[in-house]
Amino acid sequence: MQRQPLPKFVDARKFVASGMEIHAYRQVDGLDLFVAGLANNSGSVDVDLRFFRDEQGFKCIQGNAVAQVEVICQRCLNPMPICIEAEFNLAIVWTDEQAKALPKSLDPLILEEESLVLADLLQEELIINTPFVSFHDEECREFIPEPEPVEVVQDVEEGDKPFAILGQLKPRD
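Residues numbered from 1 in each chain as written. Predicted model: local features only at pLDDT ≥ 70, side-chain atom pairs only at ≥ 80, totals over all residues. Heavy atoms only, no water.

If you look the chain up in an unreviewed UniProt entry, it shows as Large ribosomal RNA subunit accumulation protein YceD from Zhongshania marina. Entered under Function (unreviewed entry) in the UniProt record, the comment concerning the chain runs "Plays a role in synthesis, processing and/or stability of 23S rRNA." The Sequence similarities (unreviewed entry) field of the UniProt record for the chain holds the comment "Belongs to the DUF177 domain family." (UniProt positions renumbered as here; feature names shortened; annotations may be inferred.)

Written out as structure tokens, the structure is:
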């Protein structure tokens, strides 16, 4: 199946009513909130979305997103490739009261308008699934320079008092 570019907007109600599916891709460039946590703005995301009504009549979006991006390794501070996978089950609601009434198996997606901005939905789900800390397995040790040995020289004689200088700072009565 060939993937098409991710549409900017969809009418969520119509997509649910017709049982639409989207198999798309999107470059991460332009997903500003998601890119802020990455090493750079290169990479892409494959997205699969299914719009449907569940057995209880909720308007649902079942989705899967796989992003191939680069993050900063927290050990060596160099970019490293990572695959971020996000799976989500959302129920489309329009009020907080409707969101509170949802079963625990569904997360609410509160819409204020008829149209759903798919890029916003996508980047929110990717941010939630991005690891908090990323690091190379073992290979990043080659990026970290070995510390040079430090030679410690002690010039303190046995009778010296290292804090004697503080006595000179003490105010005299």
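A. Structural view of the side chain of aspartate 54. Relative to the helices and strands, aspartate 54 is located in the loop between β4 (44–53) and β5 (59–72). Buried and without a salt bridge, aspartate 54 has arginine 53 as its closest oppositely charged side chain, separated by 6.9 Å. A polar contact is formed between the side chain of aspartate 54 and the backbone nitrogen of glutamine 56, at a distance of 3.1 Å. Engagement of the side chain of aspartate 54 in a polar contact is seen with the backbone nitrogen of glycine 57, the distance being 3.0 Å. If near-sequence neighbours (up to four positions away) are discounted, aspartate 54 is found in contact with Cys60 and Leu106. (Helix = DSSP H or I, 4+ residues; strand = E, 2+ residues; numbered from the N terminus. Buried < 20%, exposed > 50% of the residue type's maximum accessible area, 1.4 Å probe, protein only. Lys, Arg positive; Asp, Glu negative; His and termini not counted. Salt bridge = Lys/Arg side-chain N within 4 Å of Asp/Glu carboxyl O. Polar contact = N/O pair within 3.5 Å; in protein donor to acceptor, adjacent residues only side chain to side chain. Contact = heavy atoms within 4.5 Å.)

B. Summary view of the nonpolar core. Formed by 38 residues in total, the largest nonpolar core has its most connected members in Ile22, Phe34, Phe51, Leu116, Leu118 and Leu126. When residues in this core are grouped by element, the largest group, 7 residues, is from strand β6 (residues 79–93). In this structure, leucine 118 is in contact with Leu6, Pro7, Lys8, Val10, Ile22, Leu49 and Phe51, ignoring residues within four places of it in sequence. In this structure, Val93, Ala99, Leu102 and Leu106 belong to the second largest nonpolar core, which totals 7 residues. (Core = buried A, V, L, I, M, F, W, Y, C linked by side-chain atoms within 4.5 Å.)

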